[in-house]
Each structure stands twice: as structure tokens, then as C-alpha cells.
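Fold and geometry: a report
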Amino acid sequence: MTLEELPGERRAAGRMEQAGDALEEVLSKALSQRSLTLGVYEAAKLLNVDPDNVVLCLLAAEEEEAGDAALQIHFTLLRAFCCENDINILRVSNPARLAELLLPAAGPDPPADLHCVLVTNPQASQWKDPALSQLMCFCRESRYLHQWEPVINLPER
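What comes next concerns the included structure. Note that this is a predicted model, so its numbers are computed, not measured. (Residues numbered from 1 in each chain as written. Predicted model: local features only at pLDDT ≥ 70, side-chain atom pairs only at ≥ 80, totals over all residues. Heavy atoms only, no water.)

Further remarks concern the sheet that holds strand β3 (residues 88-92). The sheet built from 5 strands is open, its strands ordered β1-β4-β2-β3-β5 with mixed pairing. Pairing within the sheet leaves two strands with one partner each, and these edge strands are β1 (36-38) and β5 (151-152). Pairing analysis gives 3 bridges linking β1 to strand β4 (residues 116-120), with the strands arranged antiparallel. For Thr37, the partnering residue across the bridge sits in β4 and is Leu118. Seen against the sheet, helix α2 (residues 40-49) touches β1, β2 (54-60) and β4 and runs at an angle of roughly 35° to β4. With respect to the sheet, helix α5 (residues 130-144) is in contact with β2, β3 and β5, its orientation differing from that of β3 by roughly 90°. (Pairing = 2+ DSSP bridges. Helix = DSSP H or I, 4+ residues; strand = E, 2+ residues; numbered from the N terminus. Contact = heavy atoms within 4.5 Å. Axes fitted to C-alpha atoms, helices over the stretch in contact; angles between N-to-C directions.)

The following block contains the structure:
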């Protein structure tokens, strides 16, 4: 058995794939319920006014944006605010797929800022959503493994 064949590695990859599918389902439902906030500035405004209704924060950036100091400062402030208010944070590794999911009919001029996406809880019934529950468990398990901001790869379709 080699290191690549360790059962824990396969289990972690399976967990991430399941979490990616669950995230896609949560985003689809939230989009239809109009319970998404898109953009760093809009997210900061919502978090300042009503953090109790936010159930999930997604951060997404392309690799070439890693050197953008202003964006990284925004991310740091959003992370701190989310941690302070017990809001789960996920990092999306493929922002292009996130844009496909959230802007299917946006046409040639989609909104420029999808770096931060907040999922809000418009109804108590959403808490019973199995996909959202699965994501919350994924975040909790990741924190037990000292992964404070787990990275999810949205599945390509």
C-alpha cells in the first residue's frame, strides 16, 4: 500500500465531492428563493445589518487574484466577521463554475463581483434542507481537522 492508497485520502476526496454536490444544490435552492447576496460590498452591508440570518459564506477568487491586496483585506475582514458570528465559511476553488451556477441567464454582462456569496435563511424550513445540513456537517468536521476554511471544488457538469 502506498501513501496515495491510504483509506483516509479516499474518504476525504469522497467527502469533498459530496460537499460539492450539496453546495450546488444549496445554491440552486437559494437562487430560486432569492436568498443569496452577491459581492464583497453587498455581503459586508448585509453582515453589518443582519448577521443572524446568514447561514453560509462562500469566498471565491482566481489564482491570479491571490496577489490582490485589497481583495485579501476584504476576505480577512469577512472571515473575521463570520467567525465572530458563527457563520460557516467555505472557499470555492473554481469561481468560473460558481458563476455558471449563479448567473445562468446573465448574458454578456454578468455582475463583476462574485468573490463573496452569502446564503441567507429566509424560512425556518431551509434548516431542514438535507443539502444544507450536509454542508454544515462538512464545515464542522473540517474544523475538527483544523481546516478552518475548507476548500470545495464545485463539480463540472
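Next comes the rest of the description.
Following both chains from N to C, one finds α2 and helix α3 (residues 69-84) inclined at 25°, their axes separated by 11 Å at the closest point. One finds that α2 runs roughly parallel with respect to α3. Crossing of α2 against α3: the hand is left-handed. Within the contact between the two elements, α2 uses Val40, Ala43, Ala44, Leu47 and Asn48 and α3 uses Leu71, His74, Phe75, Leu78, Phe81 and Cys82. Grouping the constituent residues of the contact of α2 with α3 by class yields 9 nonpolar, 2 polar and no charged. (Parallel < 35°, antiparallel > 145°, perpendicular 65-115°, else oblique. Left-handed = near helix turned anticlockwise from the far one by under 90°. Nonpolar A, V, L, I, M, F, W, Y, C, P; charged D, E, K, R; others polar.)

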